[in-house]
Amino acid sequence: MKIFSQKAVLIAGALTMISCASQQSAQWAVHDSSRPTPPVVTPGQNDNLPPSDAIVLFDGTGLSAWKSCKDGSEAKWKVQDDYMEVVPKTGSIETRQAFGSCQLHIEWRTPDVVQGAGQGRGNSGVFLMGKYEVQVLDSYDNKTYADGQAAAIYGQKPPLVNVCKKPGQWQTYDIIFHAPVFNGDKAVTPAAITVLQNGVLVQDHWQIEGTTFHKVRSQYESHADKLPLQLQEHGNPMRFRNIWIRPLEN
Ligand code: MG
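Described below are features of the structure shown in this document. (Residues numbered from 1 in each chain as written. Predicted model: local features only at pLDDT ≥ 70, side-chain atom pairs only at ≥ 80, totals over all residues. Heavy atoms only, no water.)

If you trace the backbone, Ser101 turns up in the loop between β5 (93-99) and β6 (102-109). Judged by its relative accessible area of 6%, Ser101 falls in the buried class. At 3.0 Å, the side chain of Ser101 forms a polar contact with the backbone nitrogen of Ala179. Aside from chain neighbours lying at most four places away, what touches Ser101 is Phe177, His178, Ala179, Arg246, Pro247, Leu248, Glu249 and Asn250. (Helix = DSSP H or I, 4+ residues; strand = E, 2+ residues; numbered from the N terminus. Buried < 20%, exposed > 50% of the residue type's maximum accessible area, 1.4 Å probe, protein only. Polar contact = N/O pair within 3.5 Å; in protein donor to acceptor, adjacent residues only side chain to side chain. Contact = heavy atoms within 4.5 Å.)

With antiparallel pairing, 5 strands are arranged side by side in an open sheet as β2-β5-β14-β7-β8. Strands at the two margins of the open sheet, each flanked by one partner only, are β2 (66-68) and β8 (132-136). On average, each strand axis in the sheet is inclined to that of its neighbour by 30 degrees, with strand direction left out of account. (Pairing = 2+ DSSP bridges. Axes fitted to C-alpha atoms, helices over the stretch in contact; angles between N-to-C directions.)

Counting 46 residues, the largest nonpolar core has Trp66, Val126, Leu128, Tyr173 and Phe177 as the members making the most contacts within it. For this core, the element with the highest residue contribution is β6, accounting for 4 residues. Setting aside its immediate chain neighbours within four residues, Val126 contacts Leu104, Ile106, Tyr132, Glu133, Val134, Val136, Tyr173, Ile175, Leu229, Gln230 and Leu231. (Core = buried A, V, L, I, M, F, W, Y, C linked by side-chain atoms within 4.5 Å.)

The subject of this paragraph is the pairing of strand β14 (residues 227-231). Taken across its 5 residues, β14 has 5 buried, putting it largely inside the fold. Where β5 and β14 come together, 4 bridges link them in antiparallel fashion. Bridge pairing in β14 links Phe99 to Leu227. Sheet topology places strand β7 (residues 124-128) next to β14; 2 bridges connect them, and they run antiparallel. Along β14, the bridge assignment pairs Val126 with Leu231.

The next thing to look at is the coordination of the magnesium ion. Coordination of the magnesium ion by the protein involves Asn123 (OD1), Ser124 (O), Glu133 (OE), Gln135 (OE1) and Gln232 (OE1), with metal-donor separations of 2.2 to 2.4 Å. Written as a sequence motif, the donor arrangement for the magnesium ion is N-S-x8-E-x1-Q-x96-Q. Placement of Ser124 in strand β7 and of Gln135 in strand β8 is noted, with a sequence separation of 11 residues between them. This pair shows no difference in class: Ser124 is buried, exactly as Gln135 is. (Donors = N, O, S within 2.8 Å, 3.2 Å for Na, K, Ca; no water.)

Here we take up the environment of Val161. Relative to the assigned elements, Val161 resides in the loop between β8 and β9 (171-178). Along the chain, Val161 and Asp141 lie 20 residues apart, while their C-alpha atoms are 13 Å from each other.

When the charged atoms of two side chains with opposite charge come close together, those side chains can pair. By the definition in use, this model includes 9 salt bridges. Here Glu94 ties to Lys67 by a salt bridge, and the two come within 2.8 Å at their closest N and O atoms. In this pair, Glu94 sits in strand β5 while Lys67 sits in strand β2, placing the two residues 27 residues apart along the sequence. With its nearest N and O atoms 3.6 Å apart, the salt bridge here joins Arg96 to Glu74. Taken together, the residues span a long stretch of sequence, with Arg96 in strand β5 and Glu74 in the loop between β2 and β3 (78-80) at a distance of 22 residues. Residue classification places Arg96 among the partly exposed residues on the basis of a relative accessible area of 39%. Note on Glu74: relative accessible area 54%, which makes it exposed. A network of salt bridges, in which partner residues are shared, links Lys78, Glu85 and Arg239. (Salt bridge = Lys/Arg side-chain N within 4 Å of Asp/Glu carboxyl O.)

Here it is, written out as structure tokens:
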């Protein structure tokens, strides 16, 4: 009887899985001509440039999309040519607009002249929702802890590979981020992140363990569905350019 019950539970479980799968696909017949087609998006002139449905956060013309994290005043980083540059001691900056799940493109460049070592060399960070840091660092021949090098989810997950370019060269991050879903203080669906650095996969749908901290184990604290994107001032004159974002359904 006991064995029969276990079998029954297994069969019921399997049927539930089949039923869930069929519910997803049964909405539409195969090749259903009434199924809505996806919206048309015009791609950028090259794959780094914003497609037609992207929100441009920085195109070299000014910092109007950004403000100081400290007091909400104008962002005080320098804008020159097509890039913005961190001005040490002016603090981190964040977008005026809030975002949740998204696709983000951002380009960054560490200083030509190498100064400092480890975490003190070309440090900045892309903070999704102001809480989850994808580390930015000069990790070209620069020893530091694995979960703090460039493209690490800071304090949690080193990148799959180190694909950093030499100092003074522009590098790209293409990030796909799914915001966490909370039930009270519990993250019932953790955030998930995929990162390509210079076109190479460095984070593969990593389930983020919580807010990233220095020397403190991450944990979740519930927060709003949408929050500003943050760029970190860490005392180094880092540069960023060509920043655009596409909000996604979670
Ligand atoms: Mg950092």
